[in-house]
Amino acid sequence: MTSIRNAAVAVLLAAGLGLAVTPAAQADTPAGAAAGTPAPVGAADLAQARGAVQDQAVLDRLGHFFARKGVPPTQQLTIGAAEEARAASAAAPRLAGDTVPVYTLDADFVAGSPGAPVAKAEYTASKAVSADGQVASVWTVKQGGDWRVVNIASGGDETDYAAVAAGSGGGTAFREPQLNAWYVLRAGRVLPLDDEARRSVGEAGITLAAYQRLVHQRYGDKLPGSAYDRAGKGGGYQPDATGPETAAVRGGGGALPAVTAGAALGATALVGAGVALRRRAGARRG
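The rules behind these values
Residues numbered from 1 in each chain as written. Predicted model: local features only at pLDDT ≥ 70, side-chain atom pairs only at ≥ 80, totals over all residues. Heavy atoms only, no water. Helix = DSSP H or I, 4+ residues; strand = E, 2+ residues; numbered from the N terminus. Buried < 20%, exposed > 50% of the residue type's maximum accessible area, 1.4 Å probe, protein only. Contact = heavy atoms within 4.5 Å. Areas by Shrake-Rupley, 256 points an atom, 1.4 Å probe, with all protein chains shown as cover. Polar contact = N/O pair within 3.5 Å; in protein donor to acceptor, adjacent residues only side chain to side chain. Arc of directions from axis to C-beta. Lys, Arg positive; Asp, Glu negative; His and termini not counted. Salt bridge = Lys/Arg side-chain N within 4 Å of Asp/Glu carboxyl O. Axes fitted to C-alpha atoms, helices over the stretch in contact; angles between N-to-C directions. Parallel < 35°, antiparallel > 145°, perpendicular 65-115°, else oblique. Left-handed = near helix turned anticlockwise from the far one by under 90°. Nonpolar A, V, L, I, M, F, W, Y, C, P; charged D, E, K, R; others polar.

The helix and strand inventory of the protein stands at eight helices and 12 strands. When burial is assessed residue by residue, the protein has 51% of its 286 residues classed as buried. When contacts within the protein are restricted to residue pairs at least 6 apart in sequence, those whose partners lie at least 24 apart make up 59%. A total of about 12300 Å² of accessible surface is found on the protein, and carbon and sulfur atoms cover 52% of it.

This is the structure in structure tokens:
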């Protein structure tokens, strides 16, 4: 499949703006939904989230993001401000494909709470493309009844994996961020969508119950309120448990869990814009 970038640490709080992040608004889970299925995000909310991305101020920021090739504004470029402005205008960013909810492994599922979904919607993502073919993912969250852009990330993992899941039989795509593993929940099985997920659950995937036991073994002692969490430990997860410490799994409304420490890059707030530019480390083909 097309190149999928390895995700850096996902930080939805733009510190300079004091954003209070809440999970994406979710519709009620349909009656009779399969066990473990996350609640969907309503069509009206997705439309409003997309509308926020289409704001001219956001498109202007996207132009500069593409002009800078994703380099944060705190780092200098080899081009001057005037050249950057011309490149930003020439980038002519446009949205491509649908705005999608992005589901992340849920702490209650890890803990084994009865009826907990495998993942919860943390934010929505819209793919943006520049005139020269660069791709970015624009993240939005709902705050005080309004959808607001909080992050721009290079690459299109969020929308790409949702499209792969939809095109290969349906189901809900979700991410286990500690491993940067993308899966799809389909017919009671957790199936891999990327190399990290294949290493985690195998090419054929595993049952939802088996996946719950697996993530409980990995993260059950690192949930909010655990001794691990109270000790303030963090970093990347190593399946062998011989490397850096594992970040605690957060429930809805908190920061997303960290990925492997070697891939972590911070978010840079753009004061006044409500957008944090985040780069992703490395390129990987799957």
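Take the side chain of Ser 126 next. With respect to the helices and strands, Ser 126 occurs in strand β3 (residues 119-129). Only 2.7 Å separates the side chain of Ser 126 from the side chain of Thr 99, close enough to count as a polar contact. The contact partners of Ser 126, leaving out residues within four places of it in the chain, are Arg 50, Val 53, Thr 99, Ala 136, Ser 137, Val 138 and Thr 159.

A separate point is helix α3 (residues 81-91). When we look at burial in α3, the residues that qualify are Glu 84, Ala 88 and Ala 91. Looking straight down α3, one finds its buried side chains confined to an arc of 60 degrees; they lie on one side. Set apart from the buried face of α3 by more than 90 degrees, the exposed residues are Ala 82, Arg 86, Ser 89 and Ala 90. Looking at the buried residues of α3, the elements they touch are α2 (56-67). Taken from the residues just after α3, Ala 92 is the one with a positive phi, measuring 40 degrees.

Residue position: Arg 186 is located in strand β7 (residues 181-186). Within the buried core, Arg 186 has no salt-bridge partner, and the shortest N-O distance to an opposite charge, that of Glu 203, equals 10 Å. A polar atom in the side chain of Arg 186 sits 3.3 Å from the backbone oxygen of Ala 165. Those residues in contact with Arg 186, other than ones at most four positions away along the chain, are Ala 165, Ser 168, Gly 169, Gly 170 and Leu 191.

Close contact between α2 and α3 brings their axes to 7 Å; oriented N to C, the two are set at 115 degrees. On the basis of their axis angle, the class for α2 and α3 is roughly perpendicular. Crossing of α2 over α3 shows right-handed handedness. The residues of α3 that touch α2, namely those facing Gly 63, His 64, Phe 66 and Ala 67, are Glu 84, Ala 85, Ala 87, Ala 88 and Ala 91. Grouping the amino acids of the contact of α2 with α3 by side-chain chemistry returns six nonpolar, two polar and one charged.

Should the charged atoms of two oppositely charged side chains come close, the side chains can pair. Under the definition given, this model contains 10 salt bridges. Close ionic contact of Arg 218 with Glu 176 constitutes a salt bridge, the shortest N to O distance being 2.9 Å. Of this pair, Arg 218 sits in helix α7 (residues 208-219) while Glu 176 sits in strand β6 (residues 172-176); the two residues are 42 residues apart in sequence, bridging distant segments of the chain. Exposure remark for Glu 176: the relative accessible area of 0% places this residue in the buried category. Between Lys 222 and Asp 221 there is a salt bridge, with its nearest N and O atoms 2.8 Å apart. On the accessibility criterion, Lys 222 (12% relative accessible area) is buried.

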